[in-house]
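Structural features, examined
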Amino acid sequence: MEVSSTLWVLTILGLAALIAVDFFIGRKPHDVSIKEAGIWTGVWILLACLFGFGLLVFGGGQPAGEFFAGFITEKSLSVDNLFVFVLIMAKFAVPSQYQQRVLLIGVLIALVLRAVFIAAGAAILASFSWVFYLFGAFLIWTAWKLIQEARAEEQDEEWEENKLLKTAERRFGVADRYHGTKLWIEENGKRVMTPMLVVMLAIGTTDVLFALDSIPAIFGLTQDPYIVFTANAFALMGLRQLYFLIGGLLKKLVHLSYGLSVILGFIGVKLVLHALHESGVHVPEISIPVSLGVICSVLIVTTITSLRATRKQAEAEAAAGGEGASKDSVEA
């Protein structure tokens, strides 16, 4: 798909306008209700669908299919990010009324960093086609690692600050409490960061680690930088509302890691087949409609099995609790 510099500029300006509207609406710190989160989650998904249909009308079925496949993949991978965001919010004890501001700025930082990753990835792939082999192998390895983590009996529930944050805290210092939405304050004659700025940086920089698998994954679906960028942008920009909407449901998605591992492994195989095809080896390539069907099917099955598993577990715990109470009453 040929994308002119004018279209790039208009797209970026359009996204900036949407972000400005989102910031203006949520500028006043407040607790986000389920209703508000649900409405805005639907708005962002609707905007993504409208953009995809616009690609269908003006670019054809191929770009539109690549966008929807990339958007769904990035959206599903971003749900996994929310687990870490919950841990970060708890570690920094972010007041509930400030969480929406933290997520907004944190996601903006993540979007800028991902744009750098996308530009670098597109330049590398354009110059060195053998990188497809590396991306494919990395995704397959990541898929296997996810399965191992999902099967582990004990998982680390603590989030640790990365080196960048630790360096910033040592260099500038951090206030001992929140000061509203302020990012810097004067303390003992020295300008120091507030916990608000630290947690924003934590959200944004931690997302870079997730981009290490999500960016290669979407490049396995399309090599068009424009589609890669817009799919990432729409997936990330609705992440803040999704956090408040399904925050309480995250623990019920017990099979999410298995589903994501299947998706990443599938895209990894697709990348390897594409690399072999580019090298002149006659192998079948996986089409976008097939990729879209596999991704949607895996997510649907994963959600259904997760809800069933959590329901059975809840019923078993309730039955065990009832038996324990009956035994105690008999002993009494």
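Refer to the structure printed above.
Residues numbered from 1 in each chain as written. Predicted model: local features only at pLDDT ≥ 70, side-chain atom pairs only at ≥ 80, totals over all residues. Heavy atoms only, no water.

A separate point is the overall build of the protein. Broken down by element type, the protein carries eleven helices and two strands. Mapped in sequence order, the helices and strands of the protein form the string α-α-α-α-α-α-β-β-α-α-α-α-α. Counting over 332 residues, the protein shows a buried share of 44%. Nonlocal contacts in the protein, meaning residues at least 24 apart in sequence, comprise 79% of its contacts between residues at least 6 apart. Surface summary for the protein: the accessible area is close to 17,300 Å², and the carbon and sulfur share equals 65%. (Helix = DSSP H or I, 4+ residues; strand = E, 2+ residues; numbered from the N terminus. Buried < 20%, exposed > 50% of the residue type's maximum accessible area, 1.4 Å probe, protein only. Contact = heavy atoms within 4.5 Å. Areas by Shrake-Rupley, 256 points an atom, 1.4 Å probe, with all protein chains shown as cover.)

A few words now on the side chain of Ser-76. With respect to the element layout, Ser-76 can be found in helix α3 (residues 61-91). A distance of 2.7 Å separates a polar side-chain atom of Ser-76 from the backbone oxygen of Thr-73. Once residues lying within four places of it in the same chain are set aside, the contact partners of Ser-76 are Leu-260, Ile-263 and Leu-299. (Polar contact = N/O pair within 3.5 Å; in protein donor to acceptor, adjacent residues only side chain to side chain.)

Okay, the environment of Gly-54 next. Note that Gly-54 resides in helix α2 (residues 34-59). Between the alpha carbons of Gly-54 and Ala-64 there is a distance of 8.0 Å; along the sequence they are ten residues apart.

Moving on: the pairing of strand β1 (residues 184-187). Pairing of β1 with strand β2 (residues 190-193) involves four bridges; the strand directions are antiparallel. Residue pairing across strands places Glu-186 opposite Arg-191, the latter belonging to β2. The turn joining β1 and β2, which pair antiparallel and follow one another in sequence, is formed by two residues; a positive phi near 55° is taken by Asn-188. (Pairing = 2+ DSSP bridges.)

With that out of the way, let us pick up the packing of aromatic side chains. If you walk through the whole model with that rule in mind, you get nine aromatic pairs. A ring pair is formed by Phe-53 and Phe-68, whose centres lie 5.8 Å apart and whose planes are at 65°; its orientation type is edge-to-face. With Phe-53 in helix α2 and Phe-68 in helix α3, this pair connects stretches of sequence that are 15 residues apart. For Phe-68, a relative accessible area of 18% translates into the label buried. Their ring planes at 90° and their centres at 6.1 Å tell us that Phe-67 and Phe-234 sit as a pair that is edge-to-face. (Phe/Tyr/Trp six-rings, centres within 6.5 Å; stacked < 30°, edge-to-face > 60°.)

With that settled, consider the pattern of salt bridges. Close approach of charged atoms allows side chains with opposite charge to pair. Going through the model one piece at a time under the given rule, you end up with one salt bridge. For the salt bridge of Glu-74 with Arg-114, the shortest nitrogen-to-oxygen distance reads 3.1 Å. With a gap of 40 residues between them, Glu-74 in helix α3 and Arg-114 in helix α4 (residues 99-127) connect regions that are remote in the sequence. Residue classification places Glu-74 among the buried positions, given a relative accessible area of 2%. (Salt bridge = Lys/Arg side-chain N within 4 Å of Asp/Glu carboxyl O.)

Okay, the packing of helix α1 (residues 5-25) against α4 next. Running from N to C, α1 and α4 cross one another at 165°; their axes reach a closest spacing of 10 Å. By the angle between their axes, α1 is roughly antiparallel relative to α4. For the element pair α1 and α4, the recorded crossing hand is left-handed. Facing Ile-19, Asp-22 and Phe-23 of α1, the residues of α4 in contact are Arg-101, Leu-104, Ile-105, Leu-108 and Leu-111. Tallied by class, the residues present in the contact of α1 with α4 amount to six nonpolar, no polar and two charged. (Axes fitted to C-alpha atoms, helices over the stretch in contact; angles between N-to-C directions. Parallel < 35°, antiparallel > 145°, perpendicular 65-115°, else oblique. Left-handed = near helix turned anticlockwise from the far one by under 90°. Nonpolar A, V, L, I, M, F, W, Y, C, P; charged D, E, K, R; others polar.)

Let's shift gears to helix α8 (residues 225-237). The end-to-end C-alpha distance of α8, which contains 13 residues, comes to 18 Å, matching closely the 18 Å that a straight helix rising 1.5 Å per residue would cover. α8 sits mainly inside the fold: twelve of its 13 residues count as buried. Of all the residues in α8, the buried ones are Tyr-226, Ile-227, Val-228, Phe-229, Thr-230, Ala-231, Asn-232, Ala-233, Phe-234, Ala-235, Leu-236 and Met-237. With a side-chain oxygen positioned 2.9 Å from the backbone nitrogen of Tyr-226, the residue opening α8 is Asp-224. (Expected span 1.5 Å × (residues − 1).)

Turning our eyes to something else, we now look at the environment of Gly-204. Secondary-structure assignment places Gly-204 in helix α7 (residues 195-219). Remark: the alpha-carbon pair of Gly-204 and Leu-103, spanning 101 residues in sequence, is separated by 8.6 Å. Dropping the residues within four chain positions of it, Gly-204 is found in contact with Gly-106, Ile-109, Ala-110 and Leu-113.

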